[in-house]
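A look at the structure
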Amino acid sequence: MLFLTSLIPKLTPPDCGLSNQGCTSPSPLQLFVLCASLGFMSLGASGVRPCCLAFAEDQIAHWDEAQKDRALRGLFSWYYVSVGFAQIVAVTILVYFQDQVGWKVGFGISAAVMLSITLVNLAASPFYVKMKPQRSIWISLLQVVVVSLKNRHLVLPKTYQSAQFHNASGLRELVPSEKMR
């Protein structure tokens, strides 16, 4: 959005200063661009984040079982450590740069990191294991919608005696309880 506001000055809201007295509201165009930017960011994040672990697992799926189990444990551990570390950096170091040096530097650092990671991924792309999809994701999504619409009037049974549940061995409770309800 910073890129757009520097190209199109009309998208930049007026400066209110430190007093916040006499600030004017943003225009409908400015609000639209803000909401659209947030929407595109959430779409991009929702398209990438669920696929990261599945793609990483595809890289080690052809290994033998002993190596694969150990690698999967490491993969999940390091993935969540790196996500947590990235969040800590984003809310501390980047915010510090944005406060002390300026927003342009903060966004510039973020853009430079994203560009460098994109270039690394593109350079390493020939070495990735790329699995072909088994079937269309849209068909699966459509099946979920159809079944949901078909079952929307089903009533939850009062007792769970007739329902089938899977309980792992060694659990204290053998039948579901109302604790999670």
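Structural data are supplied above this passage.
Let us look at the structure shown here. (Residues numbered from 1 in each chain as written. Predicted model: local features only at pLDDT ≥ 70, side-chain atom pairs only at ≥ 80, totals over all residues. Heavy atoms only, no water.)

**Re the overall build of the protein chain**
This is how it is decided: Helical segments are the DSSP runs of H or I of at least four residues, strand segments are the runs of E of at least two, and each set is numbered from the N terminus. Note on exposure labels: buried denotes an accessible area under 20% of the residue type's maximum, exposed denotes more than 50%, and partly exposed covers the range between, all computed with a 1.4 Å probe on protein chains only. Contacts: residue pairs with any heavy atoms within 4.5 Å of one another. Using a 1.4 Å probe, the Shrake-Rupley method yields the accessible areas, and only the shown protein chains count as cover for residues.
Scanning the protein chain from N- to C-terminus turns up 6 helices and 0 strands. Across the protein chain, helices and strands are ordered from the amino to the carboxyl terminus as α-α-α-α-α-α. For the protein chain, the proportion of its 181 residues judged to be buried stands at 10%. A sequence separation of at least 24 residues applies to 33% of the contacts in the protein chain between residues at least 6 apart. Accessible surface for the protein chain amounts to roughly 15,700 Å². Of this, 68% is attributable to carbon and sulfur atoms.

**With respect to a nonpolar patch on the surface**
Condition: Patch membership requires over 30% relative accessible area and the absence of a salt bridge. Like charges are linked within 9 Å, and nonpolar side chains (Val, Leu, Ile, Met, Phe, Trp, Tyr) within 5 Å. By definition, a salt bridge exists where a carboxyl oxygen of Asp or Glu is found within 4 Å of a side-chain nitrogen of Lys or Arg.
On the surface, Ile93, Tyr96, Phe97, Val101 and Val105 cluster together into a nonpolar patch covering about 440 Å² of accessible area. Tallying contributions element by element places helix H4 (residues 93–100) first for the nonpolar patch, with 3 residues. Inspection of the secondary structure assignment puts valine 101 in the loop between H4 and helix H5 (103–124). Its relative accessible area of 52% is what places valine 101 among the exposed residues.

**Let's talk about the environment of alanine 71**
Within the fold, alanine 71 resides in helix H3 (residues 65–91). For alanine 71 and isoleucine 60, which are 11 residues apart along the polypeptide, the C-alpha to C-alpha distance reads 7.5 Å. Apart from the residues within four sequence positions on either side, alanine 71 is in contact with Ile60 and Trp63.

**What to know about the state of the cysteines**
Put simply, the rule is: Two cysteine sulfurs form what is called a disulfide whenever their separation falls within 2.5 Å.
Applying the stated criterion across every chain, the model contains 0 disulfides. Here cysteine 51 stays unpaired: no disulfide links it, and the sulfur of cysteine 52, its closest cysteine neighbor, is 7.2 Å away. Residue classification places cysteine 51 among the partly exposed positions, given a relative accessible area of 44%.

**Some remarks on the environment of glutamine 59**
Note the threshold: Under the rule applied, a polar contact is a pair of N or O atoms within 3.5 Å (in protein, one hydrogen donor and one hydrogen acceptor; residues adjacent in sequence only if both atoms are side-chain atoms).
Along the chain, the position of glutamine 59 falls in helix H2 (residues 28–60). Given the relative accessible area of 18%, glutamine 59 is considered buried. As for glutamine 59 and phenylalanine 127, which are separated by 68 residues in sequence, their C-alpha atoms are 9.6 Å apart. Those residues within four positions of glutamine 59 in sequence are excluded, and the remaining contacts are Tyr128 and Val129. There is a polar contact of 3.2 Å between the side chain of glutamine 59 and the backbone oxygen of phenylalanine 55.

**As for the side chain of lysine 68**
Convention followed: Under the counting rule used here, the positive set is Lys and Arg, the negative set is Asp and Glu, and His together with the chain ends is not counted.
Within the secondary structure layout, lysine 68 lies in helix H3. It turns out lysine 68 is buried and unbridged, and the closest side chain with the opposite charge, glutamate 57, is 4.1 Å from it. Ignoring sequence-local partners within four residues, the contact set of lysine 68 consists of Glu57, Ile60, Ala61 and Trp63.

**Thoughts on the side chain of glutamine 30**
If you trace the backbone, glutamine 30 turns up in helix H2. Within the structure, glutamine 30 has its side chain in polar contact with the backbone nitrogen of serine 27 (distance 2.9 Å). Here glutamine 30 is in contact with Lys10, Leu11, Thr12 and Pro13, once residues within four sequence places are set aside.

**Points about the packing of H2 against H3**
Put simply, the rule reads: Helix axes are fitted to C-alpha atoms over the stretch in contact, other axes to C-alpha atoms as well, and angles between N-to-C directions run from 0 to 180 degrees. Note on terminology: angles under 35 degrees are roughly parallel, angles over 145 are roughly antiparallel, angles of 65 to 115 are roughly perpendicular, and the others are oblique. In this scheme the handedness of a crossing depends on how the near helix is turned from the far one: anticlockwise by less than a right angle means left-handed, clockwise means right-handed.
Contact geometry for H2 and H3: axes closest at 10 Å, N-to-C directions at 155°. With respect to their mutual orientation, H2 and H3 come out roughly antiparallel. As for the relative orientation of H2 and H3, their crossing is right-handed in sense. Contacts from Arg49, Cys52, Leu53, Ala56, Glu57 and Ile60 in H2 reach Lys68, Ala71, Leu72, Leu75, Phe76, Tyr79 and Tyr80 in H3.

As far as function goes, none of this settles anything; it's purely spatial.
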